[in-house]
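Fold and geometry: a report
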Amino acid sequence: MGYGIETRCIHGEEGITREHAYGAMGTPIYQTATFAHPGVGRSTGYDYSRESNPTRSELEKIVTSLEGAYDTVACSSGMAALAVCLELLDPGAHVVCTEDLYGGSVRMFAAMGERHGITFSYADTSDERAAEEAVRRHPGTKALYIETPSNPTMKVTDLRAMRRLADRYGLLLIADNTFLSPYFQNPLELGADLVVHSGTKFLGGHNDTLAGFLCSADRETAARIRFLYKTLGASLSPFDSFLLIRGIKTLPVRMERQQQNALALARWLREQKGIGKVLYVGLPEHPGYEVNRGQARGSGSMISFYTDTPERAKRILERVRLISYAESLGGVESLVTYPMLQTHGDVPEDVRRRLGITDCLLRLSVGIENEADLLADLGQAIGEEQGK
Ligand SMILES: *Cc1c(COP(=O)(O)O)cnc(C)c1O
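Rules behind the numbers
Within each chain, residues carry numbers counting from 1 in the order of the written sequence. Whole-chain, interface and lining totals are the exception, using all residues; otherwise, since this is a predicted model, local features are given only for residues with pLDDT of at least 70 and side-chain atom pairs are given and counted only at 80 or more. Only hydrogens and water are set aside; all other atoms, that is, all heavy atoms of the structure, feed into the side-chain values. Whether a residue is near a molecule or strand is decided by its heavy atoms; if any one of them lies within 4 Å of it, the residue is near. Nitrogen and oxygen atoms within 3.5 Å of one another constitute a polar contact, given that in protein one can donate a hydrogen and the other can accept it, and given that sequence-neighbouring residues count only through two side-chain atoms. Shrake-Rupley sampling with a 1.4 Å probe provides the accessible areas, and residues are treated as covered by the protein chains on show and by no other component. The residue classification treats Ala, Val, Leu, Ile, Met, Phe, Trp, Tyr, Cys and Pro as nonpolar and Asp, Glu, Lys and Arg as charged. All others, Gly included, are polar. Stacked, tilted and edge-to-face are the three classes applied to pairs of Phe, Tyr and Trp rings, where Trp contributes its six-membered ring and a pair requires centres within 6.5 Å; stacked means planes under 30 degrees apart, edge-to-face means over 60, and tilted covers the rest. The secondary structure listing takes helices from DSSP runs of H or I that are at least 4 residues long and strands from runs of E that are at least 2 residues long, numbered from the N terminus. Burial classification: accessible surface area is computed with a 1.4 Å probe over protein chains only, and a residue below 20% of its type maximum counts as buried, one above 50% as exposed, and the rest as partly exposed. Only when the NZ atom of a Lys or the CZ atom of an Arg is both within 6 Å of the ring centre and within 35 degrees of the ring normal do we say a charge sits over the ring. What counts as a salt bridge is simple: a side-chain nitrogen of Lys or Arg found within 4 Å of a carboxyl oxygen of Asp or Glu. Any two strands between which DSSP finds at least two bridges are classified as paired. Whenever a helix is involved, its axis is fitted only over the stretch in contact; in every case the axis is a line through C-alpha atoms, and angles between N-to-C directions fall within 0 to 180 degrees. We call two residues in contact whenever any of their non-hydrogen atoms come within 4.5 Å of each other. Expected helix span is computed as 1.5 Å times (number of residues minus one).

**Description of the site of the ligand**
Within the structure, the ligand sits among Ser77, Gly78, Met79, Tyr102, Glu147, Asp176, Thr178, Ser198, Thr200, Lys201, Ala211 and Leu329. With respect to the ligand, the backbone of Gly78 contributes an N or O atom lying 2.9 Å from an oxygen atom. Contact distances for the ligand include 2.6 Å between an oxygen atom and a side-chain N or O atom of Thr200. A total of 380 Å² of accessible area belongs to the ligand in isolation, and the protein chains cover 93% of it. Of the residues that constitute the shell around the ligand, the class distribution is four nonpolar, five polar and three charged.

Here it is as structure tokens:
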């Protein structure tokens, strides 16, 4: 029996983090670009840091263990990981995607993917039939690209159903697992071939470092990714690798606390005057509640909600004091985002309207602050007259 996930976040799969010289607890930062060879045709195991670096290797082993992957590459950002992933596809390929993806992913697909002859279509993948119809409509479909819960409308896609669909049509199944992190969800164990992460978010956890991961399920795909990775130079720096190792040590306690705060905030928001629908996967009335429970170990800490008027949405953004009006998510600090202007600003307006990304939609990433303080801050920002 291997270690539990809390232990692996700190010590890795085989206690690898205890093997440092001098018994050092902290992972040494190998701040070096290159490595001297002991002789002709010989190597210490490391030759050049774009390809591999001991600090980064330790981080990659930890994330490989957390995701139950065959291999993981640590990249300089989530978008860098996605860029490596895109290179796996040949010109002419078509990809069916969850319709409300992270806006940056949509931008990359439109700006880079399509220039390389890869086309994309968007479907409500929380509806299995809609996903299959999209695949049928495009005979060149080679991959499914899924985010669950989705961003920002928190739709839940059944990953096992997507695996069955991928098997029927011979597709690569790729999942962006940023929102739940490997602490709550492991898409590879549910049948995904690849997992993409923005390590900037929950894995790093402190809103201070950009990072990304691409985890692969099998040896052949891993070898292709390693080749693309060293060729493109998407590598995470040794220092940032150290910060991610440090962040991941507290992933379980942060995720639990953030989830606890999020549930309290979601329940409270439901009752407030001036607030409409609250979208949180952990509320039993959420349409994806059961599917999420069947495939994940938690609901995370991302909440979206509608205000009654655009003015109130703007007022909240301007009046929050403890909570910051900022892009990003997953860190110990609570943040509120205006998806229409920020994360999804590059998504075409008609698509935004269809998805419900309106001028009344706000997205909260709940941190680990005191629950009462968070409620008080949101309360004063929403308005004076509280309680429905
Ligand atoms: C932030 C984010 C990304 C992009 O990651 P960066 O680290 O910002 O490059 C991709 N997917 C999701 C779901 C994200 O939240």
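From this point on, the discussion continues.
**Considerations on the packing of aromatic side chains**
The full count for this structure, using the stated rule, is five aromatic pairs. Centroid distance Phe109 to Phe120: 4.3 Å. Interplanar angle 5 degrees. Geometry classified as stacked. A residue pair is termed long-range when its members are at least 10 positions apart, and Phe109 in helix α4 (residues 103-113) and Phe120 in strand β3 (residues 119-123) qualify at eleven residues. Here Phe109 matches Phe120 in class, with each residue buried. For the ring pair Phe109 and Tyr145, a centre distance of 5.3 Å and an interplane angle of 90 degrees mean the geometry is edge-to-face. On the criterion of sequence distance, the pair formed by Phe109 in helix α4 and Tyr145 in strand β4 (residues 141-147) is long-range, its members being 36 residues apart. An aromatic cluster is present here, built from Phe109, Phe120 and Tyr145 joined pairwise through their rings. A cation over an aromatic ring shows up here: Lys201 above the ring of Tyr102, its NZ or CZ 5.0 Å from the ring centre.

**Remarks on the pattern of salt bridges**
Scanning all chains against the criterion turns up 14 salt bridges. Between Lys155 and Glu99 there is a salt bridge; the shortest N-O distance is 3.5 Å. Placement of the pair is Lys155 in the loop between β4 and α6 (159-169) and Glu99 in the loop between β2 (94-98) and α4, with a sequence separation of 56 residues. With a relative accessible area of 31%, Lys155 lands in the partly exposed category. Notably, a salt bridge pairs Arg163 with Asp167, separated by 3.0 Å at the nearest N-O pair. With a gap of four residues between them, Arg163 and Asp167 both fall in helix α6, about one helical turn apart.

**Details of the sheet that holds β4**
Pairing in this open sheet of seven strands is mixed, and the strands run β1-β7-β6-β5-β4-β2-β3 from one edge to the other. Of all strands in the sheet, those with a lone pairing partner are β1 (71-75) and β3, marking the two edges. Pairwise comparison of adjacent strand axes, ignoring direction, gives a mean angle of 20 degrees for this sheet. One ladder, built from five bridges, connects β2 with β3; its direction is parallel. Within the sheet, the bridge partner assigned to Val95 lies in β3 and is Phe120. Against the sheet, helix α2 (residues 54-67) touches β1, β6 (194-198) and β7 (212-216), its axis set at about 125 degrees to β1.

**Re helix α8 (residues 219-232)**
Its 14 residues place the ends of α8 20 Å apart at the C-alpha level, agreeing with the 20 Å of an ideal helix rising 1.5 Å per residue. Residues of α8 that are buried make contact with α2, β1, α3 (78-86), β6 and β7. Remark: Gly233 follows α8 within two positions and exhibits a positive phi of approximately 75 degrees.

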